[in-house]
Amino acid sequence: MNTQQHPKSVIVIFGATGDLAKRKLFPSIYRLVQNEKIGSEFAVVGVGRRPWTNDEFRNNVTDSIQSSTKESKNLEEFTSHFYYHPFDVTNPSSYLELNDLLGNLDGTYQTEGNRIFYLAMAPEFFGTIAQNLKKQGLTETNGWSRLVIEKPFGHDLPSARKLNQEIREAFNEEQIYRIDHYLGKEMVQNIEVIRFANALFEPLWNNRYISNIQVTSSEVLGVEDRGRYYENSGALRDMVQNHMLQMVALLAMEPPIKLTTDEIRSEKVKVLRALRPVKEDEVSNYFVRGQYANGELDGKQLVGYREENNVDPESQTETYVAGKLLIDNFRWAGVPFYIRTGKRLAAKSTKIVVQFKDIPMNLYYKKGETLPPNLLVINIQPDEGITLQLNAKKDGDAGDSNPVQLDLSNDFHDGINTPEAYEKLLYDCMRGDATNFTHWDEVALSWSFVDPISEAWSKGKAAIASYASGSMGPKEADDMLAEDGNQWWPVK
Ligand SMILES: NC(=O)C1=CN([C@@H]2O[C@H](COP(=O)(O)OP(=O)(O)OC[C@H]3O[C@@H](n4cnc5c(N)ncnc54)[C@H](OP(=O)(O)O)[C@@H]3O)[C@@H](O)[C@H]2O)C=CC1
Ligand SMILES: O=C1O[C@H](COP(=O)(O)O)[C@@H](O)[C@H](O)[C@H]1O
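Each chain has its residues counted from 1, following the order in which its sequence is written. Throughout, the order in which chains and ligands are written sets their labels, letters from A for the former and numbers from 1 for the latter. Reporting of local features is limited, given that this is a predicted model, to residues whose pLDDT is at least 70; pairs of side-chain atoms are given and counted only at 80 or more, and all residues count toward the totals for whole chains, interfaces and linings. In computing side-chain properties, one takes all heavy atoms of the structure into account and sets aside hydrogens as well as water.

**Description of the pattern of salt bridges**
Heads up, the rule is: Here a salt bridge means any side-chain nitrogen of Lys or Arg lying within 4 Å of a carboxyl oxygen belonging to Asp or Glu. With a 1.4 Å probe rolled over the protein chains alone, any residue whose accessible area is under 20% of its type maximum counts as buried; one over 50% counts as exposed, and the rest are partly exposed. Only DSSP runs of H or I with at least four residues qualify as helices, and only runs of E with at least two residues qualify as strands; both kinds are numbered from the N terminus onward.
By the definition in use, this model includes 19 salt bridges. Notably, a salt bridge pairs Glu-173 with Arg-168, separated by 3.8 Å at the nearest N-O pair. Classification of Arg-168 by relative accessible area gives partly exposed; the value is 40%. We note a salt bridge from Arg-276 to Asp-328, for which the minimum N-O separation is 3.0 Å. With Arg-276 in the loop between helix 10 (261-274) and helix 11 (283-286) and Asp-328 in the loop between strand 10 (320-325) and strand 11 (337-342), this pair connects stretches of sequence that are 52 residues apart. A relative accessible area of 35% places Arg-276 in the partly exposed class. A relative accessible area of 41% means that Asp-328 is categorised as partly exposed. Connected via shared salt-bridge partners are Glu-280, Glu-455, Lys-459 and Lys-461.

What follows is the structure, given as structure tokens:
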């Protein structure tokens, strides 16, 4: 491998003693090194309030890697690149000491003054940290500085705007990398390739041939220990405003004139601008919200959402959302994009199903039967791959047809080496490729779309439907599709 291609940087993780750093960030950096995406010109500085030493921090990093990978080698050498600098991020003077440390590490690891500031902390600190980084001179280096921001990016449009203004006082848009980890998933990145590199699909990708598109992201897990956060969020803000709308934008966008960050983002922005706004008093025509009640999955009894820790026993927070989105442009007029996401459902699965229209005349029509539609299924997780459902001749019976499935699965990849979303996104950030991060315009348009829906729900304008844990959500979500003569396609 040509080491010239290795990006070099000091990565400062604010919130390095927290859950995200331990579960996702340390293993991702480790895999980047193991997979030779980065060489030895890197250092990681962890920030948190806990009074840890470098050794305690390195032990925590070691634990994180051992619990996330089957094979862990060269751990001592790897963790020797990690340093811990405890301080309260609201204390401006501590940034000066951090700056000294970064200067030293830059010399030791030959990182050419490049700095990534990764904010893996609660959003109320984002503005303070960004401004202190600028005021105390940490962004003034002879290399580049980039700011990586975790979700949630605001709670609604006004709060997101305020947050953005605070950050923009210190960093310009090109330096800001807003993470949406779905954009790092292999098969989400594959959407564009499937669409734009196949003569089989590209000409059909419009309202003449597509009946509807369904995007499902279902989880088996409940709210776990995130009750406090989730009570103020709910599935609409937690999943729809970001991951679900990003997938819709990738599915619906026009081919960009070039595969550059700006061109791709600009096409996604156009889709978000074309989303038909849902007015507060018509929310129940387009959206269903649900909350999990108790239930059973794989023989295990599960409690309802209102019995979870840090959840109000009378909570009205939605743990499930299904919606019908309409995109008012030439390509998609009349084609519903159905989305659904929820916790405590029957399966962990993220899938996109593109349902093609029926052919004009069905020669194989049998009384009382309809020919199954052609489906293109993009399996995002846990399986990765695509499935194409076609109709073929039934064995023996002349004139009879049968649905058959062509499967292309990514199973042939060695699971251990398939890059994880965070690994890819960190690598992109180190290389300065912001394509798979969200631009402010996308964030703002997504909030503009979801705000009237949450506003209507907060005013109690649509009832919250209850669904049993371990089911696939409330019946109302099935009814919404049935009214259009459609149905949810199974996800497992
Ligand atoms: N966990 C996850 O899977 C995901 C998390 N996110 C987002 O990532 C961010 C972090 O989440 P998560 O890791 O779960 O949170 P945790 O609560 O586990 O960690 C919070 C971190 O912030 C540090 N911290 C808090 N206050 C201060 C302060 N005043 N000064 C310095 N450090 C401080 C804590 O350090 P200490 O306790 O040592 O002070 C700790 O390291 C959040 O924005 C979350 O929404 C997004 C997607 C998934
Ligand atoms: O961003 C989030 O995503 C996870 C689901 O991510 P996945 O990669 O496991 O599909 C979700 O559990 C969490 O509530 C949300 O904040």
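Moving on from the coordinates now.
**Re the site of ligand 2**
Stated formally: Definition of nearness: a residue and a molecule or strand are near each other if at least one heavy atom of the residue lies within 4 Å of the molecule or strand. As used in this structure description, the phrase polar contact means that two N or O atoms lie within 3.5 Å; if the pair is within protein, one of them must be able to donate a hydrogen and the other to accept it, and residues adjacent in sequence are counted only when both atoms belong to side chains. Ten residues, namely Ala, Val, Leu, Ile, Met, Phe, Trp, Tyr, Cys and Pro, are considered nonpolar, four, namely Asp, Glu, Lys and Arg, are considered charged, and the remaining ones, Gly among them, are considered polar.
Lys-151, His-181, Tyr-182, Lys-185, Glu-219, Arg-226, Asp-238, Met-239, His-243, Lys-343, Lys-348 and Gln-381 make up every residue found near ligand 2. At 2.6 Å from an oxygen atom of ligand 2 is found a side-chain nitrogen or oxygen belonging to Glu-219. Within the contact set of ligand 2, an oxygen atom lies 2.7 Å away from a side-chain nitrogen or oxygen of Lys-348. Residue classes in the shell around ligand 2 are distributed as 2 nonpolar, 3 polar and 7 charged.

**Some remarks on the side chain of His-85**
Stated precisely, the cut-off is as follows: Here, two residues are considered to be in contact whenever any of their heavy atoms come within 4.5 Å of each other.
Turning to its location among the elements, His-85 is positioned in the loop between strand 3 (82-84) and helix 4 (94-109). With relative accessibility at 12%, the residue His-85 sits in the buried group. For His-85, the residues in contact, after removing those within four places along its chain, are Val-45, Gly-46, Val-47, Gly-48, Ser-94, Glu-97, Leu-98 and Leu-101.

**So, empty space enclosed by the protein**
The cut-off we apply is this: Every definition here rests on a 1 Å grid over the protein atoms only: cavities are sets of points where a 1.4 Å probe fits but cannot get out, pockets are open sets enclosed by protein on both sides within 12 Å along at least five of seven lines, and lining residues have some atom within 4 Å of a point. Grid points are joined across faces, edges and corners, and a volume is the space filled by probe spheres set on the points.
Taken as a whole and assessed by the stated rule, the structure comprises 2 cavities of 30 Å³ or more. Of the pockets and cavities examined, the largest cavity occupies roughly 40 Å³. Arg-276, Pro-277, Val-278, Tyr-286, Lys-324 and Leu-326 are the residues that line the largest cavity. Of the residues belonging to the lining of the largest cavity, the class tally is 4 nonpolar, no polar and 2 charged. Taken as a whole, the second largest cavity spans an internal volume of roughly 30 Å³. Considering the residues around the second largest cavity, the lining is formed by Tyr-118, Val-148, Ile-179, Tyr-422, Leu-425, Leu-426, Cys-429 and Phe-437. No other element matches the 4 residues that helix 12 (residues 421-431) contributes to the lining of the second largest cavity. The class makeup of the residues in the lining of the second largest cavity is 8 nonpolar, no polar and no charged.

**Notes on the environment of Phe-42**
Here Phe-42 shows up in strand 2 (residues 42-47). Exposure remark for Phe-42: the relative accessible area of 2% places this residue in the buried category. In contact with Phe-42, not counting residues within four places along its chain, are Ser-9, Ile-29, Val-33, Phe-78, His-81, Phe-82, Tyr-109 and Thr-111.

**Considering the UniProt feature "binding site: substrate" (unreviewed entry) in the protein**
Test applied: UniProt positions are given in the numbering used here, feature names are shortened, and annotations may be inferred rather than shown by experiment.
Sequence positions flagged by UniProt for "binding site: substrate" (unreviewed entry) are, in local numbering, His-181, Lys-185, Glu-219, Asp-238, Lys-343 and Lys-348. Looking at the secondary structure, you find His-181 in the loop between strand 6 (176-178) and helix 7 (186-196). Residue classification places His-181 among the partly exposed residues on the basis of a relative accessible area of 23%. For His-181, the contacting residues outside a window of four places in its chain are His-243, Ala-421, Tyr-422 and Leu-425.

**Some thoughts on the UniProt feature "binding site: NADP(+)" (unreviewed entry) in the protein**
The sites that carry the UniProt feature "binding site: NADP(+)" (unreviewed entry) are, in the present numbering, Gly-15, Ala-16, Thr-17, Gly-18, Asp-19, Leu-20, Ala-21, Lys-22, Arg-49, Asp-88, Val-89 and Lys-151. Within the element layout of this structure, Ala-16 appears in the loop between strand 1 (9-14) and helix 1 (19-34). Setting aside chain neighbours within four positions, we find Ala-16 in contact with Ala-21, Phe-26, Gly-46, Val-47, Phe-57 and Asn-60. Tracing the backbone shows Thr-17 in the loop between strand 1 and helix 1. For Thr-17, a relative accessible area of 14% translates into the label buried. Those residues within four positions of Thr-17 in sequence are excluded, and the remaining contacts are Val-47, Gly-48, Arg-50, Trp-52 and Tyr-84.

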